[in-house]
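Listed below, chain by chain, are the residues.
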Amino acid sequence: RHDANGIFVVVPEMKVYIDKVTDKTIEFSYLSKCKDVTISNVEVTIEADGYKETKKIETEEYLWDNLIPNQNYTLTYCSNSK
């Protein structure tokens, strides 16, 4: 048989790094592990008990401030890659 019967899709990986955490701030950055990949439309959501906020992130480094001290936060993100 000489025709293809499958498709292979590669999705570039984006990695988020937590650079610094204080009582009221989280400083993070992101980058792609793939050369020549552009990451766009990055949205980050931070959640804790009674708190949830989503922001569109325009730069590769970001400082999220005005957080409530002594909370356990969950950070999730999504993006588009080219």
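Each remark here, short or long, concerns the structure printed above.
What comes next is a walk through the structure. (Residues numbered from 1 in each chain as written. Predicted model: local features only at pLDDT ≥ 70, side-chain atom pairs only at ≥ 80, totals over all residues. Heavy atoms only, no water.)

## Concerning the overall build of the chain
Helix and strand counts for the chain come out as zero helices and six strands. Along its sequence from the N terminus, the chain presents helices and strands in the succession β-β-β-β-β-β. The 82 residues of the chain split such that 23% are buried. Look at the contacts in the chain between residues 6 or more apart in sequence, and 53% of them connect residues 24 or more apart. (Helix = DSSP H or I, 4+ residues; strand = E, 2+ residues; numbered from the N terminus. Buried < 20%, exposed > 50% of the residue type's maximum accessible area, 1.4 Å probe, protein only. Contact = heavy atoms within 4.5 Å.)

## Re unusual backbone geometry
Here the phi dihedral of Asn41 falls at roughly 50 degrees; this positive angle occurs in a residue that is not glycine. Here Asn41 lies in strand E3 (residues 39-48). Located in the positive-phi region is Asn66, a residue other than glycine, with phi close to 65 degrees. Within the fold, Asn66 resides in the loop between strand E5 (61-64) and strand E6 (74-81).

## Description of the pairing of strand E4 (residues 51-57)
Pairing geometry for E3 and E4, over seven bridges, is antiparallel. For Glu43, the partnering residue across the bridge sits in E4 and is Lys56. The loop that links E3 with its antiparallel partner E4 comprises two residues; one of these, Gly50, has a positive phi angle of about 75 degrees. (Pairing = 2+ DSSP bridges.)

## So, the side chain of Ser29
Looking at the secondary structure, you find Ser29 in strand E2 (residues 26-32). With a relative accessible area of 13%, Ser29 lands in the buried category. A polar side-chain atom of Ser29 sits 2.9 Å from a polar atom in the side chain of Asp19. Each residue touching Ser29, except ones within four places of it in the same chain, is listed here: Lys15, Val16, Tyr17, Asp19, Glu60 and Glu61. (Polar contact = N/O pair within 3.5 Å; in protein donor to acceptor, adjacent residues only side chain to side chain.)

## Quick notes on the environment of Gln71
Within the fold, Gln71 resides in the loop between E5 and E6. Contacts of Gln71, omitting those with residues within four sequence positions, involve Ala48 and Asp49.

## Some thoughts on the nonpolar core
What tends to happen in soluble globular proteins is that the nonpolar side chains get buried as a cluster. Phe28, Tyr30, Val42, Val44, Ile46 and Trp64 are the most contacted members of the largest nonpolar core, which totals 14 residues. Where this core is concerned, the elements lending two or more residues are strand E1 (14-21), E2, E3 and E4. With five residues, E3 is the largest single contributor of residues to this core. Residues within four places of Ile46 in sequence aside, it is in contact with Ile26, Tyr51, Lys52, Glu53, Trp64, Leu67, Tyr73, Thr74 and Leu75. (Core = buried A, V, L, I, M, F, W, Y, C linked by side-chain atoms within 4.5 Å.)

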